[in-house]
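# Overview (structure and organization)
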Amino acid sequence: MPNLPPLTETTVDGPRTRRWFLEAAACPELAACRIARLGFDEACAPYCGVRLRPDGSFFLDCVEGHGRISLAVSLGLQGGGSS
């Protein structure tokens, strides 16, 4: 079995991680498209985010370096991907 992050709600940002985001409350164009928030993380090790029951959908992309995305349902691994 692959080395998976712990199955608990987790956010670990490396000391050099930078985050930008925009909330729908501050941007009528996002709200009109039913997008709650838009964000960008420049993730630096160690970086880990685990959401067991997210409030909405996520789009994740790795544009430099490498990363792993694992999707878990009911504590069992259902699928995953790498980029």
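Before any of the text, the structure's been laid out above.
Here is a short report on the structure shown in this document. From a predicted model like this one, the values you see are computed outputs, not experimental measurements.

Another point: the overall build of the chain. When helices and strands are tallied, the chain shows one helix and six strands. Each helix and strand of the chain, placed in order from N terminus to C terminus, yields the pattern β-β-α-β-β-β-β. Residues classed as buried in the chain amount to 10% of the 83 residues present. If you take every contact in the chain between residues at least 6 apart in sequence, the share linking residues at least 24 apart comes to 49%.

This model, assessed by the stated rule, comprises one aromatic pair. Summarising the aromatic geometry, the rings of tryptophan 20 and phenylalanine 40 are spaced 5.5 Å apart at their centres and angled 35° between planes, so their arrangement reads as tilted. Of this pair, tryptophan 20 sits in strand E2 (residues 18-23) while phenylalanine 40 is found in strand E3 (residues 37-42), placing the two residues 20 residues apart along the sequence. Exposure remark for tryptophan 20: the relative accessible area of 41% places this residue in the partly exposed category. Using a relative accessible area of 45% as the deciding quantity, one classes phenylalanine 40 as partly exposed.

Right, let's get into the environment of aspartate 61. Looking at the secondary structure, you find aspartate 61 in the loop between strand E4 (48-50) and strand E5 (68-73). On the basis of relative accessible area, aspartate 61 is assigned to the exposed category, the value being 56%.

Little of E3 is tucked away, with zero of its six residues classed as buried. Where E2 and E3 come together, six bridges link them in antiparallel fashion. For arginine 18, the partnering residue across the bridge sits in E3 and is glutamate 42.

Rules used in this analysis
- Residues numbered from 1 in each chain as written.
- Predicted model: local features only at pLDDT ≥ 70, side-chain atom pairs only at ≥ 80, totals over all residues.
- Heavy atoms only, no water.
- Helix = DSSP H or I, 4+ residues; strand = E, 2+ residues; numbered from the N terminus.
- Buried < 20%, exposed > 50% of the residue type's maximum accessible area, 1.4 Å probe, protein only.
- Contact = heavy atoms within 4.5 Å.
- Phe/Tyr/Trp six-rings, centres within 6.5 Å; stacked < 30°, edge-to-face > 60°.
- Pairing = 2+ DSSP bridges.

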